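# Notes for the structure review
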Amino acid sequence: VQPYGFYWFLLAEEVAVPSWHSDAPEPQPEFVTLVVPKGLKSLLDGKGRGELEDGILKSFMPYQRWFAAKNADIAGIKIEFGELVGEGQDEHLLLGVTADLGGGDRQTYLLPLDAAWGEENIGHGNPLLPYTVAEVRKGPRLGALCDATHGAGFARSTLKAMLADRTVEGEGGTLRYRHSPTFTLESDLDTVAIQRVGVEQSNTSIMIGQEVIMKAYRQLAEGVHPEIEVGRFLTDVAGFQNTPPLVG
């Protein structure tokens, strides 16, 4: 390697962006402040739920890459189910949100939400702003209500629930977390690095240490997803070694 070198740079106004480049969604022009005296649980009933359904989610969802009906008119938003999951810093609100579209079409999406407390989380330039749904206030505390897949708590608590085969009974139904009997986690989930992977499209992928990739399917439908059904058969039944095993 030579001890000296230099680079030529050209600032071009009209040129195609690289294939790996992805712009973050545009943040909301301004955020509504939701008062949550009982924490995130306050958003499941009363005024908080009404504000989410009547306008906040209707403004937020079309800006997200996973929302498939970007060019459609949204006639209304309804929270089909909501459940508070996890504890402490991993607590999040797991929502199923249905968008009523023009022509009678309906689409339901998974939207986990958590709170990033601190006024710095709603300040200009914060990387969470494009994924922030609203401001939240609990007494003197102010923070951001965000898509929980952008933090570590959602992935950590979901994998913990899977490994424990936990069942959560909610008002709108039952959440069942299950893991493959062939899988054991070697990392400490409380300290392992957790980060989102690649560009978000219709699904969201999250890397948990070097052992697990978690995929959050955004648009929901009835029945078992083929990727899960096939992966479960190859892992638990066939014992196939040449594909990544299904964790849960």
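In this text the structure is predicted, and so the values were computed from the model without any measurement.

Another point: the overall build of the chain. Check the secondary structure of the chain and you find three helices and 12 strands. Reported as C-alpha extents along the three principal axes, the dimensions of the chain are approximately 65 × 50 × 45 Å. For the chain, the residues scored as buried account for 38% of the 248 residues in total. Sequence separation of 24 or more characterises 53% of the internal contacts of the chain that already satisfy a separation of 6 or more. Working note: accessible area of the chain is about 15300 Å², and carbon and sulfur atoms make up 51% of it. Across the chain, the mean location of the 21 positive side-chain charges is 5 Å away from that of the 34 negative side-chain charges.

Counting through the fold element by element, Ser202 comes out in the loop between strand 9 (194-196) and strand 10 (203-208). As a C-alpha pair, Ser202 and Arg218 span 16 residues in sequence and 6.3 Å in three-dimensional space. Apart from the residues lying within four places of it in its own chain, the contact partners of Ser202 are Trp66 and Arg218.

We now examine the sheet that holds strand 11 (residues 212-217). The strand order across the open sheet built from three strands is 9-10-11, with neighbouring strands paired in antiparallel fashion. Two strands lie at the open edges of the sheet, namely strand 9 and strand 11, each paired on one side alone. Strand-to-strand twist across the sheet, computed as the mean angle between neighbouring axes with direction ignored, equals 25 degrees. In terms of strand pairing, strand 10 meets strand 11 through six bridges, oriented antiparallel.

Moving on: the packing of aromatic side chains. Across all of its chains, the model carries four aromatic pairs by this definition. Both rings, one in Phe67 and one in Tyr109, keep their centres 5.3 Å apart while their planes meet at 45 degrees; by these two values the pair is tilted. Of the two residues, Phe67 sits in the loop between helix 1 (46-60) and strand 2 (74-85) while Tyr109 sits in strand 4 (residues 106-117), which places them 42 residues apart along the sequence. For the pair shown, Phe67 and Tyr109 are each scored as buried. Aromatic ring contacts, followed pair by pair, group Trp66, Phe67 and Tyr109 into a single cluster.

With that settled, consider the nonpolar core. With 28 residues, the main nonpolar core has Leu52, Leu57, Met61, Phe67 and Leu145 as its most contacted residues. With five residues, the top contributor of residues to this core is strand 3 (residues 92-101). In this structure, Leu52 is in contact with Leu34, Leu43, Leu57, Ile79, Val133 and Leu145, ignoring residues within four places of it in sequence. Counting residues in hydrophobic clusters, the runner-up holds 21 residues, among them Leu110, Phe154, Ala155 and Tyr177.

Across the 10 residues of strand 3, nine count as buried, placing the element largely inside the fold. The sheet contact formed by strand 2 and strand 3 spans 10 bridges and is antiparallel. Within strand 3, the residue paired with Lys78 across the bridge is Thr98. Turn length for the strand 2-strand 3 hairpin, with the two strands adjacent in sequence and antiparallel, is six residues, and the turn residue Gly86 shows positive phi of about 85 degrees. Here strand 3 runs beside strand 4; their pairing, made up of eight bridges, is antiparallel. By the bridge assignment for strand 4, Gly96 is matched with Leu110. Counting the residues that bridge the hairpin from strand 3 to strand 4 gives four residues, and of these Gly103 lies at a positive phi of roughly 85 degrees.

Cut-off values and rules
Residues numbered from 1 in each chain as written. Predicted model: local features only at pLDDT ≥ 70, side-chain atom pairs only at ≥ 80, totals over all residues. Heavy atoms only, no water. Helix = DSSP H or I, 4+ residues; strand = E, 2+ residues; numbered from the N terminus. Buried < 20%, exposed > 50% of the residue type's maximum accessible area, 1.4 Å probe, protein only. Contact = heavy atoms within 4.5 Å. Areas by Shrake-Rupley, 256 points an atom, 1.4 Å probe, with all protein chains shown as cover. Lys, Arg positive; Asp, Glu negative; His and termini not counted. Charge placed at Lys NZ, Arg CZ, Asp CG, Glu CD. Pairing = 2+ DSSP bridges. Axes fitted to C-alpha atoms, helices over the stretch in contact; angles between N-to-C directions. Phe/Tyr/Trp six-rings, centres within 6.5 Å; stacked < 30°, edge-to-face > 60°. Core = buried A, V, L, I, M, F, W, Y, C linked by side-chain atoms within 4.5 Å.

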